[in-house]
Amino acid sequence: MLKSKHLVSGEWIDTTAHFSNQPVSGKPDAFAVADPDLVDQAVQAAERAFWSYGYSSRIDRAAFLRQIAVEIDLRGDLITEMGCKETGLPHARLIGERGRTTGQLNLFAEHIEEGNYLDRRHDVALPDRSPAPRPDLRMVQRAIGPVAVFGASNFPLAFSTAGGDTAAALAAGCPVVVKGHPAHPGTSDIVAQAIDAAIKHCGIDAGVFSLIQGDGFIAGQALVQHPLIRAVGFTGSLRGGRALFDLCAARPDPIPFFGELGSINPMFVLPAALGHRGAEIAAGWAGSLTIGAGQFCTNPGLVVLIDGVEAQDFVASAKAALKDTSPQVMLTDGIAAAFVQGGAEIAAQNGVQKVLMDGGETRRATPQLFATTAKEWLANDKLSEEVFGPLGLVVLAETADEMMAVAKGLKGQLTCTLHLDDSDISIAKNLMPILERKAGRVLANGFPTGVEVSDAMVHGGPYPASTNFGATSVGTLSIRRFLRPVCYQNIPDSLLGAD
């Protein structure tokens, strides 16, 4: 079932060093660790493949994406079994995530077939224009070359080996070298087998996709610093992502680093909504906060209220709902330990009330809930940092103006949410311009967990939510990250090639 090796240009290659996964139960599996020489081999193969794949037709690339989806579904039971073993995520979650993964492959196939993503523009020649003639000018988006993708810990399918970054790069015409996440190397292994089968089925240069594995930093550093890599897609921690971002910027030829790094996804519950349905919103928040053990990049870790009896009732309702939540398995021992430590650091801050605090035991986490004032939150940057897991912080403002001050004090976010009724519109109008500047997605009367894969979706935002505020890592617009515009002046049609 497992190759336990690296897939490089259609070959499964072993190396001398090995590491093991951390299964929730059962025997660990060993996997080869990539070294810089293997990274170079994979990137060189990707560069070779680009000369054919980067100039292939949209129809051929669409067929390839669809075949990857077919091959993943053929291995669906194996993928689910291994994913559950490695991550502790339930079967239903992984089956749903597989559907999202294959769904976005099929969506991207349909999208590139339509061709609008190329943003073609044509200014016809004006030879008789005065005082100077205009040449014939055509603009189209072209693939940039080999792309490095780093798998995410919390989405072993949708943001990993064949996930959004890989699908977007392949749709654009860019070969991909994936650095698998050490939290689920077995899952990555089986998905890579599916991609390998699709490559063979479609007769594509095998260098179009490689998977390298490892539990250290050497292979990842070598990948982002390789001179033939033209862009990097990353979903993960602020610390790890920033380190890779700095490496990309420090290269002799700096390249774009499309990193999705961290977000606390604040919710602003406005007075009328709080008064009319505070308990309902609190229960919904508790459910959103704890889904998947809180291990979602859109986990709403912060709620802002105007203090009063209704706000205190909201805190009590949230506490009751969270207290009834059973302990949940976290993705790795390290993530579980970081969650406990993060809660302890929040609890130690001045002016923080411990509403519910029990970090759980070993790899199982239980929800944590804290409260503080807007003044304390504004004065303490520590309170605006993400704690990955089911931890919520309620910020109590004295006035609507202080609520605005909290909004202005936010760092960049993936999402911001408003809970409002009709009589809250005046406050919401004042908040909207602030939230638009802070987040890539603004919601009303909902919860941000759950990201629709579609044309209009934006999954990104100002730093530190992402390193490129003009990009998204979800939806068809994500393909544009791996394209660049080229203008052709008076070039004959016969030289323009496929698009």
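Anything mentioned here points back to the structure above.
Below is a short write-up of the structure. (Residues numbered from 1 in each chain as written. Predicted model: local features only at pLDDT ≥ 70, side-chain atom pairs only at ≥ 80, totals over all residues. Heavy atoms only, no water.)

Let us now look at helix α11 (residues 333–347). A rise of 1.5 Å per residue sets the reference length of α11, with its 15 residues, at 21 Å; its end C-alpha atoms lie 21 Å apart and thus fit the reference within 8%. Residues I335, A336, F339, G342, G343, I346 and A347 constitute the buried set of α11. Buried residues of α11 fall within an arc of 135 degrees about the axis and therefore sit on the same side. Next to the buried residues of α11 lie β15 (353–356), β16 (364–365), β17 (368–373) and β18 (391–397). (Helix = DSSP H or I, 4+ residues; strand = E, 2+ residues; numbered from the N terminus. Expected span 1.5 Å × (residues − 1). Buried < 20%, exposed > 50% of the residue type's maximum accessible area, 1.4 Å probe, protein only. Arc of directions from axis to C-beta. Contact = heavy atoms within 4.5 Å.)

For the structure on display, the rule yields four cavities of 30 Å³ or more. Of the voids in this model, the largest cavity is the one considered here, and its volume is about 140 Å³. Forming the boundary of the largest cavity are 16 residues, of which I264, G301, E385, V387 and L391 lie nearest the centre. Split into classes, the residues belonging to the lining of the largest cavity amount to nine nonpolar, five polar and two charged. (1 Å grid on protein atoms, 1.4 Å probe; cavity = no way out; pocket = protein on both sides within 12 Å on 5 of 7 lines; lining within 4 Å. Points joined across faces, edges and corners; volume = space filled by probe spheres on them. Nonpolar A, V, L, I, M, F, W, Y, C, P; charged D, E, K, R; others polar.)

Spatial strand order, β5-β6-β21: three strands in an open sheet with antiparallel pairing. The open sheet terminates on both sides in strands that have one partner only, identified here as β5 (121–123) and β21 (483–489). Geometrically, the sheet is characterised by an average inter-axis angle of 25 degrees between neighbouring strands, direction not taken into account. The sheet contact formed by strand β6 (residues 137–143) and β21 spans seven bridges and is antiparallel. By the bridge assignment, L137 is partnered in β21 with Q489. (Pairing = 2+ DSSP bridges. Axes fitted to C-alpha atoms, helices over the stretch in contact; angles between N-to-C directions.)

To continue, consider the environment of A219. Its location among the elements puts A219 in helix α7 (residues 218–225). Along the backbone, A219 and D35 are 184 residues apart, and their C-alpha atoms lie at a distance of 5.6 Å. In this structure A219 touches A34, V39, K179 and I212, once residues within four positions along its chain are discounted.

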